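The primary structure of each chain is shown beneath.
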Amino acid sequence: MSKNRIFSGVQPTGSLHLGNYLGAIRNWARLQDEFEAIYCVVDLHAVTAPHDPKELSRATREVTAGLIASGIDPARSIIFNQSMVPEHAELSWLFNCVARLGWLNRMTQFKEKAGKNRDQASVGLYAYPVLMAADILAYKATHVPVGEDQKQHLELTRDIAQSFNSTYGLEFFPLPEPQIFGSATRVMSLRDGRKKMSKSDESDYSRINMTDGADEIAQKIRKARTDPDPLPGTVDGLAQRPEALNLVSIYAALEDIEIDQVIQEYQGQGFSTFKKALADLAVVRLGPVGNEMKRLTAESGEIDKVLADGAERATQLSRPIVAEVREIMGFLDPKKS
Ligand code: TYM
């Protein structure tokens, strides 16, 4: 392998939002020069919760358009949808037999998503992080760029890799490193600074969708919850002000500067002035991405071609790795004997 290899994924549920963009996808575009990159629209993960079949294919195309519109070049990087490469599901089963119940019982995302009605959650939702480990390790990826919420899942991936290696006495899988960077690794809801911005929040005012138009973006920022105080003179002054910290962090990420620099520029000013500046900046940075997404989704043939080509290239990489796993584990291949 000449360059280190990165793998990352995004679920095609609902629409892409600012958290996905700043926490992950924008970084994915920036890492393409330095790494061999594989980006996956994880449709098998999307069916761990009840879903509408028509919506799944629409969202798969729209999220793919979002990746391309954010600057990922399908000629250089691989973009594909997970269900097209059966190696993911196969390796996931093998890893179900490596991972321990105790490891999965610790996963906070399962607890949050399953809520009180845990008995009604799908087995797939419980095993979700095992499939994620299979996604990454089917390519022996060394680095995984994600938002902060995926950190625990990546620790599990490392545990699975390590356990496999020690069980079979081989250095077969690398232990992949999470790449969590920028000033927006955890973008919060615009309605509640203690909750993560998410596709599943009931209120559309809690998030900025990548396909929102200029008026919607400006209105959502204008209505975002804040406190009555002006911006403080130091970053420490934001410590007990989660909504204010969130808006300042979003500004810093969109402008590609440090939070400190934003504070220096706006200290002492009220949120009405700051929100106006943030809305203008967000429209300038996100508007072109949203427009390009809409243009690409209107030509669905193009998107399907990208996904089909990506699946072929992804299969070429993952098939020999998973075949080797089968051999290591002792499965008989009568065609070879
Ligand atoms: P998903 O679809 O929830 O999110 C995709 C990426 O966006 C990041 N993200 C955020 N970052 C900052 N602030 C937020 N509010 C925010 N919300 C989401 C996520 O951290 C993620 O990087 N399990 C994964 C998908 C996956 C995957 C993988 C990732 C499946 N297989 C293999 C890496 C490697 C997920 O549900 O992401």
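These remarks concern the structure in this document. (Residues numbered from 1 in each chain as written. Predicted model: local features only at pLDDT ≥ 70, side-chain atom pairs only at ≥ 80, totals over all residues. Heavy atoms only, no water.)

**Overview of the site of the ligand**
Close contacts around the ligand come from 28 residues, with Gln11, Tyr128, Asp135, Asp149 and Val187 the closest. At 2.4 Å, a side-chain N or O of Asp149 approaches an oxygen atom of the ligand. In the environment of the ligand, an oxygen atom lies 3.1 Å from a nitrogen or oxygen atom belonging to the side chain of Lys199. Contact with the protein chains hides 96% of the accessible area of the ligand, taken as 710 Å² for the molecule alone. For the shell around the ligand, the secondary-structure elements that each account for two or more residues are β1 (5-10), α1 (18-30) and α7 (123-137). Of the residues in the shell around the ligand, the class split is 12 nonpolar, 11 polar and five charged. (Near = heavy atom within 4 Å. Polar contact = N/O pair within 3.5 Å; in protein donor to acceptor, adjacent residues only side chain to side chain. Areas by Shrake-Rupley, 256 points an atom, 1.4 Å probe, with all protein chains shown as cover. Helix = DSSP H or I, 4+ residues; strand = E, 2+ residues; numbered from the N terminus. Nonpolar A, V, L, I, M, F, W, Y, C, P; charged D, E, K, R; others polar.)

**Side note on the pattern of salt bridges**
Scanning the entire structure with this criterion turns up 26 salt bridges. One salt bridge in this structure joins Arg5 and Glu36, with 3.1 Å as the shortest N-O distance. With Arg5 in strand β1 and Glu36 in strand β2 (residues 36-41), this pair connects stretches of sequence that are 31 residues apart. By relative accessible area, Arg5 is classed as buried at 7%. Classification of Glu36 by relative accessible area gives partly exposed; the value is 27%. Between Glu327 and Lys336 there is a salt bridge, with the nearest N and O atoms lying 3.2 Å from each other. You can call Lys336 exposed: its relative accessible area is 61%. Residues joined by salt bridges that share partners form a network here, namely Asp204, Arg207, Asp212 and Lys220. (Salt bridge = Lys/Arg side-chain N within 4 Å of Asp/Glu carboxyl O. Buried < 20%, exposed > 50% of the residue type's maximum accessible area, 1.4 Å probe, protein only.)

**Digging into the packing of aromatic side chains**
Within this structure, the stated rule accounts for 13 aromatic pairs. Centre to centre, the rings of Phe7 and Tyr139 are 5.4 Å apart; their planes meet at 20°, and the pair counts as stacked. Remark: Tyr139 occurs in the loop between α7 and β4 (143-145) and Phe7 occurs in strand β1; sequence separation between them is 132 residues. The class for Phe7 is buried, based on a relative accessible area of 2%. You can call Tyr139 buried: its relative accessible area is 0%. Seen from their ring centres, Phe271 and Phe274 are 5.8 Å apart, and the 85° between their planes marks the pair as edge-to-face. Of the two residues, Phe271 and Phe274 both sit in helix α12 (residues 271-298), three residues apart, roughly one turn of that helix. As far as the burial class goes, Phe271 and Phe274 line up, both buried. By the ring-pair criterion, three or more aromatic residues cluster together here, those being Phe95, Phe164, Tyr168, Phe172 and Phe173. If you follow Lys223 out to its NZ or CZ, it ends over the ring of Tyr205, 5.5 Å from the centre. (Phe/Tyr/Trp six-rings, centres within 6.5 Å; stacked < 30°, edge-to-face > 60°. Lys NZ or Arg CZ within 6 Å of the ring centre and 35° of its normal.)

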